[in-house]
Amino acid sequence: MSERTLRVVGVWALVVLALLVPFLFGPYRVGEFTLVLAYAVAVLGLNLLVGYNGQISLGHGAFFALGAYTAALLIEKGGLPYLLTLPIAGVVAFAAGFLFGVPALRLRGLYLALVTLGLAIAFPQLIKRFDGLTEGTQGLTVEQPTAPSWLPLADDQFLYLLTLLIAAIMFVAAWSLMRSQVGRAVQAVRDGEIPASTLGIDLARTKTRVFALSAGYAGVAGALYVLAIGFVAPEAFTVTVSLAFLAAIVVGGLATIVGAVFGALFIEFVPDYASDVNDALTGVVYGGVLILFMYLLPDGAVGLLRRIGRLVARRPAAPAEAGRRPAVAPRGRGLPAGKA
Amino acid sequence: MERFIQVIVDGVATGSIYAALAIALVLIFRSTGIVNFAQGEMAMFSTFIAWGLYAGGVPLGLAILTTLVLSFIAGMVIERGLIRHFEGGETLTLVIVTLGLFILLNSLAGWIWGFGNRSFPSLFGDSTFTLGGVRLTVESVGIVAVLLGVVGVLFLLFQRTKIGLAMRAAALNPESSGLVGVRVGRMLMLGWGLAAALGALAGVLVAPRLFLDVNLMGSVLIYAFAAAALGGFDSAIGAVVGGWVIGISENLAGTYVDFIGADLKILVPLAIIFVVLLVRPSGLFGTREVARV
């Protein structure tokens, strides 16, 4: 089997597994997997920005929260059907990302990380400040979607499959976008701003749009999260969320599409098990994983799978690839990096 | 008017603490080009050690001194054992590694000392005195004096000693200084050690004003970032001036602008970072970056 076939088989196996989940587990587990899908969309969005475009955001929890609150308010106070709130949450977060991005993207690398970190810290405070609208620390309870009567599905199964469908659309969209000319421009900016600009790529425009797009992904993910949980409160959106998203893209693999799924599984299940042992263990694991992955596996779980795939395909890796790469982002491989 | 002056003096004192942490950030940024996200948590960890020593019966002054020395050593160990491996790599890698360290130290402190908060005694007591009709705390004045002392010592170290010269050389051009016999690696370790000790100082100064818990330095780090950005990230004087500007404006906004109040004060440094970076990306005192193609 060639590497390409292996990859296709792997992705389809993942799709089949994802479709089987609601029929293999009980309602509680299915609910957890629904959250995994919501997180995966946010992680994917962040990876478009960080992995593919080389910009660092430590504040995507804020856009996630914005999407969550947009959906919650529209459903509870606006009486909108829940399906309609998903695109609206996406658009609101996209617009917020755009407005935030226009000035922020004149800031490079580190400064963007600083400003977005501040955003993540300030956002829960802002939610509390506007408590007339958001009910402050009390939070908002949101009615969750129920399965239509003509479908032979329980509510939790329906919600999972609905989330899966939306997540799948978001994944395919990101995948094809990153394979397109736009995607190549996005990656060219990451690999070298000055060379990219000499090729006629508008740096500011590309970066702003990627930032907005990735905020939009986080917004949709936030809305999916609300549907899955049925409740929002500011405490759910502390800095930890933003850092968890970052940990997730590192675990899954920078500049990969499928990596978001692995990353999301990691941030949903690891804290659960870790907090059984000790409240502080989650943080120790997150911190340790960030450092260890950078040390040992800078291209994450997907990078590991790719290496295994190469072994199975009996095609010895080129020496430059087999050796440890100094850079994080898998780059310059001739292949579009989006083919995860 | 008296209240206004108090707010200003208090702002300068808080700003001095931000400045101490900002100088620590600048030290590391200048020598290794890394913005150390873990700087605040390293300081928090140190402060807990000082608290542990003090609670164990060591006099406060000695406890703090011991902590500074321990932090200095720990800073060198972190550079040599962890950061060295990634130096010269991509910004993203370094941000992720220092963030990892940030999360790791934060949770480790929680594991060891718990997540509750405790009070930390001030080195300067809580007495006040009156100057020109304005009541000031000894603590505020003491903090400013400590900061000025530290800046003086650092100035002498970097400008008047051979080791300071070597450190500057190693930061400016590692390859050439290596060729003339400067031990670049050692100098970087030294830089991290100094930064860790400075951070520890900021920690023990700020802890009496807040409560000591694992999130002690969270907001302080943001203020220090703002101070460093305002000052230009590669200038120690800039960090001091930046720290004061941030401290004063934060206090003024928190006191006089109703909408902001205590819980949204964090927006002030953010707004400042934003404006500075848009208007003058290299900060007030920083050197302008020039890219070579």
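All values reported here derive from a predicted model rather than from experimental measurement. (Residues numbered from 1 in each chain as written. Chains lettered and ligands numbered in written order. Predicted model: local features only at pLDDT ≥ 70, side-chain atom pairs only at ≥ 80, totals over all residues.)

A. Spatial organisation of the packing of helix H3 (residues 60-81) of chain B against helix H8 (residues 184-206) of chain B. Residues and elements named next belong to chain B. One way to put it is that H3 packs onto H8 with a least axis distance of 7 Å and a crossing angle of 140°. Overall, the two elements H3 and H8 adopt an arrangement that is oblique. Regarding H3 and H8, the two cross each other, and that crossing is right-handed. Within the contact between the two elements, H3 uses Ile64, Thr67, Leu68, Ser71, Phe72, Ile73, Ala74, Gly75, Met76, Ile78, Glu79 and Arg80 and H8 uses Leu188, Met189, Trp192, Gly193, Ala195, Ala196, Ala197, Ala200, Leu201 and Val204. (Axes fitted to C-alpha atoms, helices over the stretch in contact; angles between N-to-C directions. Helix = DSSP H or I, 4+ residues; strand = E, 2+ residues; numbered from the N terminus. Parallel < 35°, antiparallel > 145°, perpendicular 65-115°, else oblique. Left-handed = near helix turned anticlockwise from the far one by under 90°. Contact = placed C-beta atoms within 7 Å.)

B. Representation of the pairing of strand E2 (residues 134-137) of chain B in the model. Residue and element names in this part refer to chain B. In this sheet, E2 lies alongside strand E1 (residues 128-131) in antiparallel orientation, the contact comprising 4 bridges. Residue Leu131 lies in a different strand from E2, and its bridge partner there is Val134. Hairpin connection between E1 and E2: a loop of 2 residues separates the two successive antiparallel strands, and Gly132 in this loop has a positive phi of roughly 60°. (Pairing = 2+ DSSP bridges.)

C. Focus on the packing of helix H11 (residues 239-252) of chain A against helix H13 (residues 281-296) of chain A. Residue and element names in this part refer to chain A. At a closest axis distance of 10 Å, the pairing of H11 and H13 adopts a crossing angle of 35°. In this structure, H11 meets H13 at a crossing whose hand is left-handed. Here Leu243, Ala244, Ala247, Val250 and Val251 of H11 lie close against H13, whose contacting residues are Tyr286, Val289, Leu290 and Phe293. Classifying every residue of the contact of H11 with H13 gives 9 nonpolar, no polar and no charged. (Nonpolar A, V, L, I, M, F, W, Y, C, P; charged D, E, K, R; others polar.)

D. Seen up close, the interface of chain B and chain A. Each partner contributes to the interface: chain B provides 36 residues, whereas chain A provides 36 residues. In terms of residue count, helix H4 (residues 91-113) of chain B provides more of the side of chain B that touches chain A than any other element does, 16 residues in total. Tallied by class, the residues present in the side of chain B that touches chain A amount to 26 nonpolar, 8 polar and 2 charged.

E. Summary view of the nonpolar core. Counting residues in each nonpolar core, the largest one holds 223 residues, and the members touching the most others are Val41 and Leu290 of chain A together with Ala20 and Leu21 of chain B. The element contributing the most residues to this core is H8 of chain B, with 17 residues. (Core = buried A, V, L, I, M, F, W, Y, C linked by C-beta atoms within 7 Å. Buried ≥ 20, exposed ≤ 12 C-beta atoms within 10 Å, placed from the backbone.)

F. Representation of unusual backbone geometry. You will see that Ala255 of chain A, though not glycine, has its phi angle at about 55°, which is positive. The residue Ala255 of chain A is located in the loop between H11 and helix H12 (259-277) in this model.

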